[in-house]
Amino acid sequence: MQVVARLRRIAPYAIIVVASAYLYHRALGFEFERVSGRIGPDAWPRIILTLLIAISAYQVLSLAVRRTTREVEGVLQSLEEVADPSLLEPPQAHPGRALLGIALTFGYLLAFEVAGFFVATFVYLVALMYVGGYRRPVRALAISLAASLSFIFVFMRIVYVSLPLGRGPFLAVSVGVMKLLGIH
């Protein structure tokens, strides 16, 4: 009976592996005009499918060799005995923060054209962290700056997505960031 239960847990991941392998094979046949120095439209589907195959195959293997729950019950019970009871309480809900986060997201989307992707993303991330309760301003600024620069680099340098640069002084900031990252 355990074998059937194990196979039921493995089946969805095995199906994903097979379906992804089929789609990968189909992606090998994409026809397009190659441009020197740029990846083609077939690259991203193949990269994503390769990762999906690897993750699903790992899951199949781990489920195939994983011990049953009966064998680990003692470990779970000992963890429950030493656990801090306050950790077992559900987290507090903050509907006001959630609504403010949603409003920030809409504001972020509206600010794209005027402030540009880089400035809008930086301000959005700082504001979202603050609304979420993160109270380390230097770290919040550093994380937001690193994330915004990373997004610009990945989208514009690797994926070749055109992002809004903004207007006026924001345009100058966006162009400066692009020069800093070697994006022309």
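Further up the page is the structure itself.
Every value quoted in this text rests on a predicted model; they were computed, and no experiment measured them.

Definitions and cut-offs
- Position labels on residues start from 1 in each chain and follow its written sequence.
- The predicted nature of this model means local features are confined to residues of pLDDT at least 70 and side-chain atom pairs, given and counted, to a pLDDT of 80 or more, with totals for whole chains, interfaces and linings taken over all residues.
- Calculated side-chain values reflect all of the structure's heavy atoms, with hydrogen atoms and water omitted.
- Take the buried Ala, Val, Leu, Ile, Met, Phe, Trp, Tyr and Cys residues and link them wherever side-chain atoms come within 4.5 Å; each set so joined is a nonpolar core.
- Think of it in three bands: with a 1.4 Å probe and only protein chains considered, a residue is buried below 20% of the maximum accessible area for its type, exposed above 50%, and partly exposed in between.
- Put simply, DSSP marks the helices as runs of H or I at least four residues long and the strands as runs of E at least two long, and each gets a number from the N terminus on.
- To estimate how far a helix should extend, the number of its residues minus one is multiplied by 1.5 Å.
- What the arc measures is the spread of directions leading from the helix axis to the C-beta atoms.
- Contact definition: two residues touch when any of their heavy atoms are within 4.5 Å.
- Residues enter patches when they are more than 30% accessible in relative terms and free of salt bridges; like-charged ones are connected within 9 Å and nonpolar ones (Val, Leu, Ile, Met, Phe, Trp, Tyr) within 5 Å.
- Residue-level accessible areas treat just the shown protein chains as cover; the underlying method is Shrake-Rupley with a 1.4 Å probe.
- For this document, the term salt bridge refers to a Lys or Arg side-chain nitrogen within 4 Å of an Asp or Glu carboxyl oxygen.
- Fitting a line to C-alpha atoms yields each axis, with helices limited to the stretch in contact; the angle taken between N-to-C directions then spans 0 to 180 degrees.
- In this scheme the handedness of a crossing depends on how the near helix is turned from the far one: anticlockwise by less than a right angle means left-handed, clockwise means right-handed.
- Throughout, the ten residues Ala, Val, Leu, Ile, Met, Phe, Trp, Tyr, Cys and Pro are labelled nonpolar, Asp, Glu, Lys and Arg are labelled charged, and all others, Gly among them, are labelled polar.
- Fitting axes to the seven residues that end at a residue and to the seven that start at it, the angle between those axes gives the bend at that residue.

1. Side note on the nonpolar core
Step number 1: Counting residues in hydrophobic clusters, the biggest one holds 18 residues, and the most contacted among them are Tyr108, Phe117, Ile152, Met156 and Ile183.
Step number 2: Those elements giving two or more residues to this core turn out to be helix H4 (95-131), helix H5 (137-158) and helix H6 (169-180).
Step number 3: It is H4 that provides the largest number of residues to this core, a total of ten residues.

2. Considering H5
For an α-helix, the turn length of 3.6 residues means that residues three or four places apart are oriented alike.
Step number 1: Taking 1.5 Å per residue, 22 residues should reach 32 Å; H5 reaches 30 Å between its end C-alpha atoms and fits that length.
Step number 2: All of the buried residues along H5 are Ala140, Ser144, Ser148, Ile152 and Met156. What you see down the axis of H5 is that its buried residues fit within an arc of 90 degrees, all on one side.
Step number 3: Buried residues along H5 sit against H4 and H6.
Step number 4: Looking one or two residues past H5, tyrosine 160 carries a phi angle of roughly 60 degrees, positive in sign.

3. A few points about a nonpolar patch on the surface
Step number 1: Judged by side-chain polarity, Phe151, Phe153, Val154, Phe155, Ile158 and Val161 come together as a nonpolar surface patch covering roughly 430 Å² of accessible area.
Step number 2: With respect to the helices and strands, the residue phenylalanine 155 is situated in helix H5.
Step number 3: Overall, the relative accessible area of 32% leaves phenylalanine 155 in the partly exposed class.

4. Considerations on the environment of valine 177
Step number 1: Examined against the element boundaries, valine 177 turns out to sit in helix H6.
Step number 2: Apart from the residues within four sequence positions on either side, valine 177 is in contact with Phe118, Leu149 and Ile152.

5. Here's the deal with the packing of H4 against H6
Step number 1: Two elements in contact, H4 and H6, have axes whose closest approach is 8 Å; the angle formed by their N-to-C orientations is 35 degrees. The element H4 and its partner H6 pack so that their crossing is left-handed. Touching Val114, Ala115, Phe118 and Val119 of H4 are Phe170, Val173 and Val177, all from H6.
Step number 2: By residue class, the composition of the contact of H4 with H6 is seven nonpolar, no polar and no charged.

6. Remarks on the packing of H4 against H5
Angle between the axes and distance between the axes: these two values describe a pair of packed helices.
Step number 1: One can describe the packing of H4 onto H5 by two numbers: an axis separation of 9 Å at closest approach and a directional angle of 145 degrees. In terms of crossing hand, the pair formed by H4 and H5 is right-handed. Within the contact between the two elements, H4 uses Phe117, Phe118, Thr121, Phe122, Leu125, Val126 and Met129 and H5 uses Ala140, Leu141, Ile143, Ser144, Leu145, Ala147, Ser148, Leu149, Phe151, Ile152 and Phe155.
Step number 2: For the contact of H4 with H5, the per-class residue count stands at 15 nonpolar, three polar and no charged.

7. Here's the deal with helix H1 (residues 2-27)
Step number 1: Between the first and last C-alpha of H1 there are 38 Å, a value that for 26 residues agrees with the 38 Å anticipated at 1.5 Å per step.
Step number 2: Helix geometry: H1 is bent most strongly at isoleucine 10, by close to 35 degrees, with proline proline 12 lying one to four residues after it.
Step number 3: Burial in H1 covers these residues: Arg6, Ile10, Ser20 and Ala27.
Step number 4: Where the residues of H1 are buried, they touch helix H2 (43-65).

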